[in-house]
Amino acid sequence: STPRQLPTGARIDFDAEITTFPLQTANAFLPADMLQLAGSAKGKLTIRGRPSSPTINGSVGFSGGQLTVPMIGTSFGISEREISVARNRLDFNDFSLTAPNWQPLTLDGIIDASDFSRIVADMELYTVNFAAVSSTRQGWSQVYGRANIDADINAKGPLDALAVRGDVTILS
């Protein structure tokens, strides 16, 4: 069948509010040995404008969020700080994952999708003494022990030609 064409001048006028979305629902779409989620997400989203160039605004936040990487037997807390979206720009303002040693891995910056054909990022990822691996030997863990890191990484430019620069130091 032929796809239906939208009428000339068609507009999107969409509002959504998610009061509680269980993150574990996403686990069905993730490789079980690589990543598992727990906790919940909430958010509001509006999409307005022409289908070829919509404007997106809103925010998403997490409650009790946890990201577990089974292959290293380590879980990380997900920040409760909201990620805002204003005029197609995602703003990560001190958004973080928290390691088992309570040290944050912080993400600051923006992803600008104001031109969907050229999405651009200007992001910084940094941490001090972050327990990237903190586990005992388990049957399912491919890596175990302790590995703490310091990191200062910048990612800038269009996503299809992203320039990533930085330093990562393994402390233990």
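Note that the coordinates shown come from a computational prediction; the quantities given were computed from them, not determined experimentally.

J.: Can you break down the packing of aromatic side chains residue by residue, with the values?
T.: Counting across every chain of the model gives three aromatic pairs. On the numbers, 5.9 Å between centres and 55 degrees between planes, the contact of F62 with F95 is tilted. In this pair, F62 sits in strand β3 (residues 55–69) while F95 sits in strand β6 (residues 89–98), placing the two residues 33 residues apart along the sequence. Look at F76 and F130: their rings are 5.5 Å apart centre to centre, the planes differ by 15 degrees, and that puts the pair in the stacked class. Taken together, the residues F76 in strand β4 (residues 74–78) and F130 in strand β8 (residues 120–135) connect sequence positions 54 residues apart. Here F76 falls in the buried class, since its relative accessible area comes to 6%. Ring pairs connect the aromatic residues F62, F92 and F95, which therefore count as one cluster.

J.: Before we move on, could you go through the environment of P54 and cite the residues and values that matter?
T.: With respect to the helices and strands, the residue P54 is situated in the loop between β2 (36–49) and β3. Its relative accessible area of 12% is what places P54 among the buried residues. Once residues lying within four places of it in the same chain are set aside, the contact partners of P54 are I12, I47, R48, N88 and F116.

J.: So what about a nonpolar patch on the surface? Which residues, and what values?
T.: Nonpolar side chains collect at one region of the surface, where L159, L162 and V164 lie side by side and expose about 250 Å² of accessible area between them. When you line up the elements, L162 lands in the loop between β9 (145–158) and β10 (163–170). Using a relative accessible area of 33% as the deciding quantity, one classes L162 as partly exposed.

J.: Describe the side chain of N88, and please don't skip the residues or the numbers.
T.: If you trace the backbone, N88 turns up in the loop between β5 (83–86) and β6. Dropping the residues within four chain positions of it, N88 is found in contact with P54, T55, I56, I111, D112, A113, S114 and F116.

J.: Help me get a handle on the pairing of β4, residues and values and all.
T.: Alternating positions in β4 separate cleanly, T74, F76 and I78 being buried on one face and S75 and G77 remaining unburied on the opposite face. Pairing between β3 and β4: four bridges, direction antiparallel. Across the sheet, residue L67 finds its bridge partner in β4, namely F76. Linking two consecutive strands that pair antiparallel, namely β3 and β4, is a turn of four residues; a positive phi of about 60 degrees is found at G73 within it.

J.: Give me the lowdown on the nonpolar core, citing residues and values where you can.
T.: Core analysis: the biggest nonpolar cluster contains 22 residues, and L23, F62, L67, F76, I78, F95 and F130 have the highest contact counts within it. Listed by contribution, the elements that provide at least two residues to this core are β2, β3, β4, β6, β8 and β9. Considering each element in turn, this core owes the most residues, six residues, to β8. In contact with L67, other than residues within four places in its own chain, are L35, Q36, L37, T74, S75, F76 and I78.

J.: Mind laying out the environment of T98, listing which residues take part and the relevant values?
T.: In this structure, T98 sits in strand β6. Accessibility expressed as a relative area gives 23% for T98, which makes it partly exposed. Put simply, T98 and Y126 are 28 residues apart on the chain and 12 Å apart in space, counted from C-alpha to C-alpha. Contact partners of T98, with chain neighbours within four places excluded, come to S75, F76, G77, Q103, P104 and F130.

Rules and cut-offs
- Residues numbered from 1 in each chain as written.
- Predicted model: local features only at pLDDT ≥ 70, side-chain atom pairs only at ≥ 80, totals over all residues.
- Heavy atoms only, no water.
- Phe/Tyr/Trp six-rings, centres within 6.5 Å; stacked < 30°, edge-to-face > 60°.
- Helix = DSSP H or I, 4+ residues; strand = E, 2+ residues; numbered from the N terminus.
- Buried < 20%, exposed > 50% of the residue type's maximum accessible area, 1.4 Å probe, protein only.
- Contact = heavy atoms within 4.5 Å.
- Patch = residues over 30% accessible without salt bridge, like charges linked within 9 Å, V, L, I, M, F, W, Y side chains within 5 Å.
- Areas by Shrake-Rupley, 256 points an atom, 1.4 Å probe, with all protein chains shown as cover.
- Salt bridge = Lys/Arg side-chain N within 4 Å of Asp/Glu carboxyl O.
- Pairing = 2+ DSSP bridges.
- Core = buried A, V, L, I, M, F, W, Y, C linked by side-chain atoms within 4.5 Å.

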